[in-house]
Amino acid sequence: MAAIVRISSVCNRGVKPLFYRSSLLSRPLVAQQKDQERSYPLTARIHGSTSLYAGSGSKAASLHWTGERVVSVLLLAMGPAAYYFPGPAVDYSLAAALTLHGHWGIGQVLTDYVHGEPKIKMANAGLFLLSTVTFAGLCYFNYNDVGICKAVALLWSK
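Quick caveat, the model's predicted, so the values are computed rather than measured.

Rules and cut-offs
Residues numbered from 1 in each chain as written. Predicted model: local features only at pLDDT ≥ 70, side-chain atom pairs only at ≥ 80, totals over all residues. Heavy atoms only, no water. Phe/Tyr/Trp six-rings, centres within 6.5 Å; stacked < 30°, edge-to-face > 60°. Buried < 20%, exposed > 50% of the residue type's maximum accessible area, 1.4 Å probe, protein only. UniProt positions renumbered as here; feature names shortened; annotations may be inferred. Helix = DSSP H or I, 4+ residues; strand = E, 2+ residues; numbered from the N terminus. Core = buried A, V, L, I, M, F, W, Y, C linked by side-chain atoms within 4.5 Å. Contact = heavy atoms within 4.5 Å. Polar contact = N/O pair within 3.5 Å; in protein donor to acceptor, adjacent residues only side chain to side chain. Patch = residues over 30% accessible without salt bridge, like charges linked within 9 Å, V, L, I, M, F, W, Y side chains within 5 Å. Areas by Shrake-Rupley, 256 points an atom, 1.4 Å probe, with all protein chains shown as cover. Salt bridge = Lys/Arg side-chain N within 4 Å of Asp/Glu carboxyl O.

**Description of the packing of aromatic side chains**
Right, so step 1: A complete count under the given rule lists one aromatic pair for this structure.
Right, so step 2: Seen from their ring centres, tyrosine 83 and tyrosine 84 are 5.0 Å apart, and the 80° between their planes marks the pair as edge-to-face.
Right, so step 3: When its relative accessible area of 55% is taken as the criterion, tyrosine 83 is described as exposed.
Right, so step 4: For tyrosine 84, a relative accessible area of 60% puts it in the exposed group.

Structure follows, in structure tokens:
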């Protein structure tokens, strides 16, 4: 089996259009069977991920990415804050940030590995249910027990 790549579409513009082109890239394949001498050209289409957001014209994907990074940096900063200033404000901030961070992370895993419209809807519903139960459980723990900061301190002390 031989693969034929149209290099002329890439060479005249450099490498950048290969990754940032909004159109689909084509790669015809030539498959031969042993019994027949004719070859059957097959076409494989590669969808670029930038084409998913190119038509929307909004900056929603960029803002979401920035929000994910801000929450990650805030979680790094909340570690020392929870150690030096344990209290309800830090406990509830940790509950919200941990839940949001986990929600976005599992959402990316679902985006990558769940395919098919009904499966995606069920997975997203399960994710929202899991995130809601997680946040409610952390808030319940903060209100009725020692809180996240004191619980981690108690785990480290023993």
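Now, onward.
**Structural notes on the UniProt feature "binding site: a ubiquinone" (unreviewed entry) in the protein chain**
Right, so step 1: Under the UniProt annotation, the feature "binding site: a ubiquinone" (unreviewed entry) is placed at Tyr113.
Right, so step 2: Mapped onto the fold, tyrosine 113 is located in helix 5 (residues 88–113).
Right, so step 3: Using a relative accessible area of 67% as the deciding quantity, one classes tyrosine 113 as exposed.

**Points about the nonpolar core**
Across soluble globular proteins, nonpolar side chains have a tendency to be buried as a group.
Right, so step 1: Within the largest apolar cluster, 10 residues are counted, these being Val71, Leu75, Met78, Ala82, Val90, Leu94, Ala95, Ala97, Ile148 and Cys149.
Right, so step 2: Among the elements of the structure, helix 4 (60–84), helix 5 and helix 7 (148–157) are those that each provide at least two residues to this core.
Right, so step 3: Ignoring any residue separated from it by four or fewer positions in sequence, one finds leucine 75 in contact with Leu94, Ala97, Leu98 and His101.

**Thoughts on the UniProt feature "binding site: heme b" (unreviewed entry) in the protein chain**
Right, so step 1: UniProt's feature table lists "binding site: heme b" (unreviewed entry) at His101, given in the numbering used throughout.
Right, so step 2: The topology assignment puts histidine 101 in helix 5.
Right, so step 3: When its relative accessible area of 38% is taken as the criterion, histidine 101 is described as partly exposed.

**Comments concerning the side chain of serine 131**
Right, so step 1: By the element assignment, serine 131 lies in helix 6 (residues 117–144).
Right, so step 2: At 2.7 Å, the side chain of serine 131 and the side chain of histidine 103 are in polar contact.
Right, so step 3: With residues up to four places along the chain from it excluded, the contact list for serine 131 reads Thr99 and His103.

**Considerations on a nonpolar patch on the surface**
Right, so step 1: Judged by side-chain polarity, Tyr83, Tyr84, Phe85, Val152, Leu155 and Trp156 come together as a nonpolar surface patch covering roughly 830 Å² of accessible area.
Right, so step 2: Breaking the nonpolar patch down by element, the ones donating at least two residues are helix 4 and helix 7.
Right, so step 3: The element that contributes the greatest number of residues to the nonpolar patch is helix 7, accounting for three residues.
Right, so step 4: Inspection of the secondary structure assignment puts tyrosine 84 in helix 4.

**Topic: the environment of glycine 147**
Right, so step 1: Secondary-structure assignment places glycine 147 in the loop between helix 6 and helix 7.
Right, so step 2: Every residue in contact with glycine 147, bar those within four places of it in the chain, is listed here: Asp91, Phe141 and Asn142.

**Description of the side chain of glutamate 68**
Right, so step 1: Within the fold, glutamate 68 resides in helix 4.
Right, so step 2: Excluding anything up to four places from it in sequence, glutamate 68 contacts Trp104 and Gln108.

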